[in-house]
Amino acid sequence: MGYTICMSTPRTSGFPRPLLQPRPRWWWIVCLLLTMTCQVVACAFWNFLQTGRWLEMAPGAMRNAIGTPISETILGALSIFSYPWMLVVFGVVLGIILLIPLVMAALYPLWSALLAAMALVFVALNPIMGIVVAMGCVLVARNRWRNTHPYGALVLGALPTGLLLQLLVFTAADTSLLLPMQRWILAIPFLLAMAVLLLGGLCCLGLAKLRKLRPGAIWPCILLIAMPTAWTFFHQVGTDELHYALLLRGVEGGDVIFPAQPSEQWKQKHAPRSGAPQLATLAQRQLQTRCDALLDRCDAFLGKFPASDRAPAVAWLSAQARSLQLNRATLPQLISPTAAWPVESARPAWETLLRQWPDHPAGALARLQIARLDFQSIATAAKPDPAHLAMAAKANQSLLAARETLIKAIAELDTNTQKQTRMGLFTPHTSLPNLDDYRQALQAVRELLWKIKLNDVLTDPPCAWSMGRLLAANPCALNYLYTLRTLQADPVIKASKLLDNVQMAYAHQHTDLHDRSEAMMLLAKDETTDTAIEATYELGRIALQTSSAPSLPFRLEPSNDYFRKVVGAVDNPWTLQANDWLKQTPSEPTP
């Protein structure tokens, strides 16, 4: 530091004594406790940034922490590439928890510095960092510069920590996925931590000199550094954002929520001795457990942050999760959860979402699901009834309102995403429902409105009842194909305009491309039906899959011919998709 301190008291056991004078004794103890409190709180805050909990008491927490590199923290829930303010927060907090033990090693007895280093192990759950800092504390406390050149001793003690941080920069999480400039940005929190360590140590030792080596030099400097950092986190990022990011860990968008797994992989992990008959039962039981845990976390978030900007998204996730079920159609090859088919028990959650946030884009998704449930409720009647027209009209109004909201929301989100993408180095933060979820919902709304309009659903009770029966058929159930065959044989449906829609639903279930193309060609022939355009669009998509079925090119027209027919037809829900395919595919398919 440019000054020399000579202690009049002799060294004990051959080692230099601490710089601070332990007088008055009570104030020395108070300052020591305040400094230790600062270290514990800073370490707890570091753990909070990773888990959302100030103290992690789970039995396996320490074991998991040993195998988790510190780089995963800054690229975890609150990634520095999605939340730029976290560059400052992570860097300063890391610098504080490294600074306190090292500067205590110069000013206080070594045992107190080692206790502060142990807070890194048991509170911040970073054993490797705690051991390295403890080694640095020994270097500071047992160095003869401790009394003559304390800042030099501090720098010497910081060397192991600096080398470790440098190692962490170069062994961070998979940097192959990062841009070259992003790899440099990855080093900023570590460099900032070293700057806080060195400059903070200079301030602490300088204040100690000004106070003539009386206690009370560390914790005021720590508070001066920590308070602006805490303000930055709580006002620029927010606790609700942290809990929202943690809530989305392991969660996907759309109807999936939980990602699918191959059955063999799932069995090896969860039920290695189970047979095929037990697979569905065990998978459904595990899915229900995961779903209940997710609902509990959603309810906790909504109870804690009811006014958060993320509350509508969490309410959507909670409502969507209530329809989660095992997709039996993919068994036994794939364990695939899905919420594609809404269940009646989820209606209160959707209605709550719509009532509290009617103008939010998530409210439009609630309108779509409620409309589907309204049609399903029509199917509970044994036969058509004129009262069903009022229910169909209500569902139609919900769909119209949802369409307008979704169009505006998608345009706004698309613009914002493009702006964030142009930044290059920083990616948009995780958000559910995402842009694809809204686009898929808009497509579903357009298809439902198309079927309602062209099949007299609002004016003919048998058609309204038939529409309800079709939407009440659960595509995730084992008996879905049997249900569709039963609907095709129903006299009311056979006499209505919805018969071709039931046939289209059946055609979609063909896994063999040849069988599916045959079914679609039959439906596309009758151009008087609304399914003819959808079948033409599907034929265009099938024609693109020539590598999966080499004989298809000899039976189908070029894919672009089908897409041009869709674009040239009356305004329909598949026009935009067909246009996109025309832009992406060559003029002639490659056999």
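Scroll up a little and you will see the structure.
Below is a short write-up of the structure. Because the structure is predicted, anything quoted here is derived from the model rather than measured.

A short note on the overall build of the protein
- Broken down by element type, the protein carries 27 helices and four strands.
- Counting all 591 residues of the protein, 50% fall into the buried class.

Some remarks on the packing of helix H4 (residues 85-107) against helix H6 (residues 127-141)
- One can describe the packing of H4 onto H6 by two numbers: an axis separation of 8 Å at closest approach and a directional angle of 30°. Considering their axes alone, H4 and H6 lie roughly parallel with respect to each other. Judged by the twist between their axes, the crossing of H4 over H6 is right-handed. In this structure, H4 contributes Leu94, Leu98, Pro101, Leu102, Ala105 and Ala106 to the contact, and H6 contributes Met129, Val133, Gly136, Cys137, Val140 and Ala141.
- For the contact of H4 with H6, the per-class residue count stands at 11 nonpolar, one polar and no charged.

Section: H6
- Counted at 1.5 Å a residue, the expected span for H6 with its 15 residues is 21 Å, and the 21 Å between its end C-alpha atoms agrees.
- Among all positions of H6, only Pro127, Met129, Gly130, Val132, Val133, Ala134, Gly136, Cys137, Val140 and Ala141 are buried.

Some details on helix H19 (residues 435-454)
- Over its 20 residues, H19 runs 29 Å from end to end, which matches the ideal 28 Å to within 8%, given 1.5 Å per residue.
- Counting buried positions along H19 yields 14 of 20 residues, so the element is predominantly enclosed.

Concerning the packing of aromatic side chains
- One pass over the full model with this rule turns up 15 aromatic pairs.
- Ring geometry for Trp28 and Tyr108: centres 5.7 Å apart, planes at 50°, overall tilted. Residue Trp28 is found in helix H1 (residues 25-51), and its partner Tyr108 is found in the loop between H4 and helix H5 (110-122); the two are separated by 80 residues along the sequence. You'll find Trp28 and Tyr108 in the same group, each marked buried.
- With 6.1 Å between their ring centres and 20° between their planes, Phe45 and Phe48 make a pair best called stacked. Here Phe45 pairs with Phe48, and both are found in helix H1, just three residues apart, close to one helical turn. By the burial criterion, Phe45 is buried, and Phe48 matches it.
- A network of ring pairs unites the aromatic residues Phe45, Phe48, Trp54, Phe233 and Phe234 as a single cluster.
- Positioned above the aromatic ring of Trp28, the side-chain terminus of Arg25 is 4.8 Å from the ring centre.

Considerations on the packing of H1 against helix H12 (residues 239-247)
- Orientation of H1 relative to H12, taken along the N-to-C sense of each, is 50°, at an axis distance of 8 Å. Here H1 lies oblique to H12, going by the angle between them. Listed contacts from H12 to Phe48, Leu49, Gln50 and Thr51 of H1 are Thr239, Leu242, His243 and Leu246.
- Counted by class, the contact of H1 with H12 contains four nonpolar, four polar and no charged residues.

A closer look at the environment of Ala260
- Tracing the chain through its elements places Ala260 in the loop between H12 and strand S1 (261-262).
- Considering only alpha carbons, one finds Ala260 and Leu326, 66 residues apart in sequence, at a separation of 9.9 Å.
- Ignoring sequence-local partners within four residues, the contact set of Ala260 consists of Leu334, Ile335, Ser336 and Pro337.

Side note on the pattern of salt bridges
- Taken as a whole and judged by the stated rule, the model has 13 salt bridges.
- Among the ionic pairs, Arg347 bridges to Asp374, the shortest N-O distance being 3.0 Å. With a gap of 27 residues between them, Arg347 in helix H16 (residues 347-356) and Asp374 in helix H17 (residues 361-378) connect regions that are remote in the sequence.
- Assessed through its relative accessible area of 12%, Arg347 is described here as buried.
- With relative accessibility at 6%, the residue Asp374 sits in the buried group.
- Where salt bridges share partners, they join Glu344, Arg347, Glu351 and Asp374 into one cluster.

Criteria and cut-off values
Residues numbered from 1 in each chain as written. Predicted model: local features only at pLDDT ≥ 70, side-chain atom pairs only at ≥ 80, totals over all residues. Heavy atoms only, no water. Helix = DSSP H or I, 4+ residues; strand = E, 2+ residues; numbered from the N terminus. Buried < 20%, exposed > 50% of the residue type's maximum accessible area, 1.4 Å probe, protein only. Axes fitted to C-alpha atoms, helices over the stretch in contact; angles between N-to-C directions. Parallel < 35°, antiparallel > 145°, perpendicular 65-115°, else oblique. Left-handed = near helix turned anticlockwise from the far one by under 90°. Contact = heavy atoms within 4.5 Å. Nonpolar A, V, L, I, M, F, W, Y, C, P; charged D, E, K, R; others polar. Expected span 1.5 Å × (residues − 1). Phe/Tyr/Trp six-rings, centres within 6.5 Å; stacked < 30°, edge-to-face > 60°. Lys NZ or Arg CZ within 6 Å of the ring centre and 35° of its normal. Salt bridge = Lys/Arg side-chain N within 4 Å of Asp/Glu carboxyl O.

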